[in-house]
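# Observations on the three-dimensional arrangement
Residue-level listing of the chains:
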Amino acid sequence: MTSEELINKTKTFVKESLSDAEGGHDWFHVLRVYKNALLIAKKEPVDILIVSLGALLHDIADSKFYNGDETVGPNIAREFLFKQNVDSVVIEHVVKIIENISFKGGNEAQKFKSVELDVIQDADRLDAIGAIGIARCFNYGGFKNRQLYNPDIKPNLSMSKEEYKSSTAPTINHFYEKLLLLKDRMNTGTGKLLAAKRHVFMEEYLKQFYEEWNGNV
């Protein structure tokens, strides 16, 4: 099987697997991350097959939809790639990317590093900020029936991994607990450049949000 055939098979598998996924973590999210990863990879010394497979499979089973179980996604990815007779070294690299890509809260240390992970992580983080990031944030908040905003509930910037995963705070809090932090956590030059523009958009959005909330506009 050629690399192109493998990538196309992976696209089909992921699209079918995520057919009923929540709107912010569906096939279109994966496709955007895949495209962003390929864009960022142009200026990085990466194995493009690992970048492609890692980007396509990074959210095959997001733990937040599996009662916090972080083993489901890596196991599904490993089984799929094994059935395609992918080299074991490639499989394990892709699995490590899936295991380490997520934000997981402010103080969680990343246990694996590679240039390919850096690229995919930047691509995934780009989709969490800017106009699409805002849309995804409120979509997930609605999915979890969270308040839009509550001035009495302040953002928690020192959450543990467990607190982050179990948080039920209003959606606006998530901007401060994750989205606005991502600009300074990008790994690549291209990622940092793209994130800066999206970060400014979020700041402008929040300014408008508070003005409307307080009846000033």
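Per chain, residue numbering runs from 1 following the sequence as it is written. Since the coordinates come from a predicted model, pLDDT governs what is reported: local features require at least 70, and pairs of side-chain atoms require 80 or more to be given and counted, while whole-chain, interface and lining totals use all residues. Excluding hydrogens and water, the side-chain values take into account all heavy atoms of the structure.

## Some details on the overall build of the protein chain
Put simply, DSSP H or I for four residues or longer makes a helix, DSSP E for two residues or longer makes a strand, and each gets a number counted from the N terminus. Secondary structure summary: the protein chain contains ten helices and zero strands in total. In sequence order, the secondary structure elements of the protein chain are arranged as α-α-α-α-α-α-α-α-α-α. For 217 residues, the compact-globule estimate of 2.2 N^0.38 gives 17 Å, and the C-alpha radius of gyration of the protein chain, at 18 Å, lies within 12% of that figure. Dimensions of the protein chain, computed from the C-alpha atoms along their principal axes, are close to 60 × 35 × 30 Å. For the radius of gyration, the atom set is restricted to C-alpha positions; the globular benchmark scales as 2.2 Å times the number of residues to the power 0.38.

## Topic: the pattern of salt bridges
By salt bridge we mean one thing: a side-chain nitrogen of Lys or Arg within 4 Å of a carboxyl oxygen of Asp or Glu. This model, assessed by the stated rule, comprises five salt bridges. Note that Glu 92 is salt-bridged to Arg 78, the shortest N-O span being 3.2 Å. Placement of Glu 92 in helix α5 (residues 88–100) and of Arg 78 in helix α4 (residues 72–83) is noted, with a sequence separation of 14 residues between them. Each residue gets one of three labels from its accessible area relative to the maximum for its type: buried under 20%, exposed over 50%, partly exposed in between, using a 1.4 Å probe on protein chains only. Of the residues examined, Glu 92 reaches a relative accessible area of 31% and is grouped as partly exposed. Judged by its relative accessible area of 28%, Arg 78 is partly exposed. Here Arg 136 makes a salt bridge to Asp 127, at a shortest N to O gap of 3.6 Å.

## Concerning the side chain of His 199
Of note, His 199 is situated in helix α10 (residues 189–213). Here, residues are in contact when the closest pair of their heavy atoms is within 4.5 Å. Filtering out sequence-adjacent residues up to four positions away, His 199 remains in contact with Leu 180 and Lys 183.

## Remarks on the nonpolar core
By size, the foremost hydrophobic cluster in this structure holds 54 residues, and its most contacted members are Leu 57, Leu 81, Val 94 and Phe 175. Other than its neighbours up to four places away in sequence, Leu 81 contacts Leu 53, Leu 57, Val 86, Ile 91 and Val 94. Note on terminology: a nonpolar core comprises buried Ala, Val, Leu, Ile, Met, Phe, Trp, Tyr and Cys residues joined through side-chain atoms within 4.5 Å.

## What to know about the packing of aromatic side chains
In summary, the pairing rule links any two rings of Phe, Tyr or Trp, Trp by its six-membered ring, whose centres are within 6.5 Å, and it sorts them by plane angle into stacked for under 30 degrees, edge-to-face for over 60 and tilted for everything else. Per the counting criterion, the structure on display carries eleven aromatic pairs. On the numbers, 4.8 Å between centres and 75° between planes, the contact of Tyr 149 with Trp 213 is edge-to-face. Here the residue Tyr 149 occupies a position in the loop between α7 (130–143) and α8 (161–166), and Trp 213 occupies one in helix α10, the gap between them amounting to 64 residues. By relative accessible area, Trp 213 is classed as partly exposed at 41%. Between Phe 209 and Trp 213, the ring centres sit 5.8 Å apart and the planes meet at 20°, which makes this aromatic pair stacked. Of this pair, Phe 209 and Trp 213 both sit in helix α10, four residues apart, which is roughly one turn of that helix. In textbook terms, an aromatic cluster arises when at least three aromatic residues are bridged by ring pairs, as seen for Phe 138, Tyr 149, Phe 175, Tyr 205, Phe 209, Tyr 210 and Trp 213.

## Considerations on unusual backbone geometry
In the Ramachandran plot, Asn 85 falls in the positive-phi region, its phi being about 60° despite a non-glycine side chain. Among the secondary structure elements, Asn 85 is positioned in the loop between α4 and α5. For Asn 145, which is not glycine, the phi dihedral falls at a positive 55°. Within the element layout of this structure, Asn 145 appears in the loop between α7 and α8.

## So, the side chain of Glu 116
Mapped onto the fold, Glu 116 is located in helix α6 (residues 115–126). One buried charge, Glu 116, has no salt-bridge partner; the nearest side chain with opposite charge is Lys 96, at 12 Å. At 2.8 Å, the side chain of Glu 116 forms a polar contact with the backbone nitrogen of Asp 47. Dropping the residues within four chain positions of it, Glu 116 is found in contact with Val 46, Asp 47, Ile 50, Val 51, His 93 and Ile 97. His is not counted, nor are the chain ends, whereas Lys and Arg count as positive and Asp and Glu as negative. Throughout this description, a polar contact denotes any pair of N or O atoms lying within 3.5 Å of each other; where both atoms belong to protein, one of them has to be capable of donating a hydrogen while the other can accept it, and for residues adjacent in sequence the pair is counted only when both atoms sit in side chains.

## Comments concerning helix α3 (residues 48–57)
Buried residues dominate α3, accounting for nine of its ten residues. Those residues of α3 lying buried are Leu 49, Ile 50, Val 51, Ser 52, Leu 53, Gly 54, Ala 55, Leu 56 and Leu 57. Against α1 (3–17), α2 (27–41), α4, α5 and α6 lie the buried residues of α3. For α3, the N-terminal capping position is held by Asp 47, with its side-chain oxygen 3.0 Å away from the main-chain nitrogen of Leu 49.

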